[in-house]
Structures are given as structure tokens and as C-alpha cells.
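Secondary and tertiary structure notes
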Amino acid sequence: MKLRDDLQLIYEWIPAGSRVLDLGCGDGELLSALVTYKQCSGYGVEIDTDSVIAAIGRGINVIQADLERGLQVFDDNSFDVIVLSQTIQAMQNTETILRDLTRVAKQAIVSFPNFGYWRNRLQIAFGGHMPVSERMPYQWYNTPNIHWCTLEDFDRLCAKNNIRVLERSVMAGSKRIEKLPNLLGSLAFYRVG
């Protein structure tokens, strides 16, 4: 089994047999691997019709819904783990969804592009334009990313909402970054509870 690099890290953090809710599940790649190889159960939530069809094709239980409306349909502690992968920066109601994550599950895994990454900083400082990269392939006028967030920003948001950071990992490409993560990491992963 070979997952995308970012999904592989999330996969490793989820214990076998967990009840998982994958928000913005895309084509269901992660949840399919969790069900097949770790005997997890759960649901995906996705708004894009083509992605919903692809997830169903993988045998995933998927709900077509807009996350901006919140997670009120889910009871407290309904899941062991919630995944919100590369979606939080595209949401209007960031604090609401973050609080809902920790209400609905014991733990949440959140990943997002780190806008403090050195290449992003250089594009702004010396190129005079908003960053465009493999992880962020959009121009400023058509990007779904409405909130530019760094590791420090996310740490502060968690602290403000009394959400504990249990673990953090940062990647650049497929490499995990240990030193100067806010500067050298292009993608951040948080496990919170």
C-alpha cells in the first residue's frame, strides 16, 4: 500500500480499529487504506460530487455535505479520530470547526499548508506575488485558501480555544523537518485533543 506522502503520515498516527471521520475526504484514499489495512470504521464527508462518487467507488461510506455548516449532526465523542487534511485554511468558520473537531472525537488530526515556509516568504518578498507551489498550485485570485496560516498561528489558535497540541510534525516534500519547522516545512500536521 502506497499513500500520498501527507496521507501516509496521517495514516501512521491513527490506531488500528479506530472509528474515523475524514472531513474533506476527497476520493476516499485515506479512509479506504484505514478500513483495509487497519480495520478502522467510519465515514468520509465531502462536498465535491466527483470526489463523492470516487469515494463510493472505493467502498467508503461518504456523506455529501458542506463543512461550513458545522458538525451538529454528530454527537459528542462519536469518533476516536477526526481527520481534517489540507482543508482548514479554506474554511470560513475556522474556530467553529476546530472546536467541533474536539467535541465530536477524542482526537483530531489537522494538516495545512504552512504559509511561513521559506519559499512562500521569498515569493512574496522578492517575486512580489502570492506564493504558488506544488502544495499550493493556485493563483491569488482562484485559490480556495482564504486563511494564510503558519505553525505559530495555529499554535495560538489552539491555545486560545483551550485545545491541547498532542503532537506536531512538519514536512517539506516527502521529508520530515525537525529543525526550524516554521521556516523549512511546507506542510504542517497536528494531532490535537
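Residues numbered from 1 in each chain as written. Predicted model: local features only at pLDDT ≥ 70, side-chain atom pairs only at ≥ 80, totals over all residues. Heavy atoms only, no water.

Labelled according to an unreviewed UniProt entry, the protein chain appears under the name Methionine biosynthesis protein MetW, originating from Neisseria arctica.

Right, let's talk about the nonpolar core for a bit. Most often, soluble globular proteins have nonpolar side chains that are buried together. Of all hydrophobic cores here, the largest spans 32 residues; its most connected members are L23, L71, I82, L98, L101 and F154. Elements with a contribution of two residues or more to this core: β1 (19-23), β4 (79-85), α4 (94-104), β5 (105-113), α6 (151-160), β6 (165-172) and β8 (187-192). Those residues in contact with L98 that lie beyond four places of it in its chain are I88, V110, F154, L157, C158 and I163. L7, V52, V81 and I109 belong to the second-largest nonpolar core, a separate cluster that totals 24 residues. (Core = buried A, V, L, I, M, F, W, Y, C linked by side-chain atoms within 4.5 Å. Buried < 20%, exposed > 50% of the residue type's maximum accessible area, 1.4 Å probe, protein only. Helix = DSSP H or I, 4+ residues; strand = E, 2+ residues; numbered from the N terminus. Contact = heavy atoms within 4.5 Å.)

For helix α2 (residues 29-38), a buried count of seven out of ten residues is recorded, marking the element as mostly surrounded by other parts of the structure. Along α2, the positions that sit buried rather than exposed are E29, L30, L31, S32, A33, L34 and K38. Buried residues in α2 make contact with α1 (5-13), β1, β2 (41-46) and β4. One or two steps after α2, the chain reaches Q39, where phi turns positive at roughly 50°.

Considering all chains together, one arrives at four aromatic pairs under this definition. Both rings, one in F112 and one in Y190, keep their centres 5.8 Å apart while their planes meet at 15°; by these two values the pair is stacked. Placement of F112 in strand β5 and of Y190 in strand β8 is noted, with a sequence separation of 78 residues between them. In this pair, the class of F112 matches that of Y190, namely buried. Ring geometry for F154 versus Y190: centroids 4.6 Å apart, planes at 55°, classification tilted. Residue F154 is located in helix α6, and its partner Y190 is located in strand β8; the two are separated by 36 residues in the primary sequence. Exposure class is identical for F154 and Y190. Each is buried. One aromatic cluster is present, built from ring pairs that chain together F112, F154 and Y190. K38 extends its terminal NZ or CZ atom over the ring of Y11, reaching a point 4.5 Å from the ring centre. (Phe/Tyr/Trp six-rings, centres within 6.5 Å; stacked < 30°, edge-to-face > 60°. Lys NZ or Arg CZ within 6 Å of the ring centre and 35° of its normal.)

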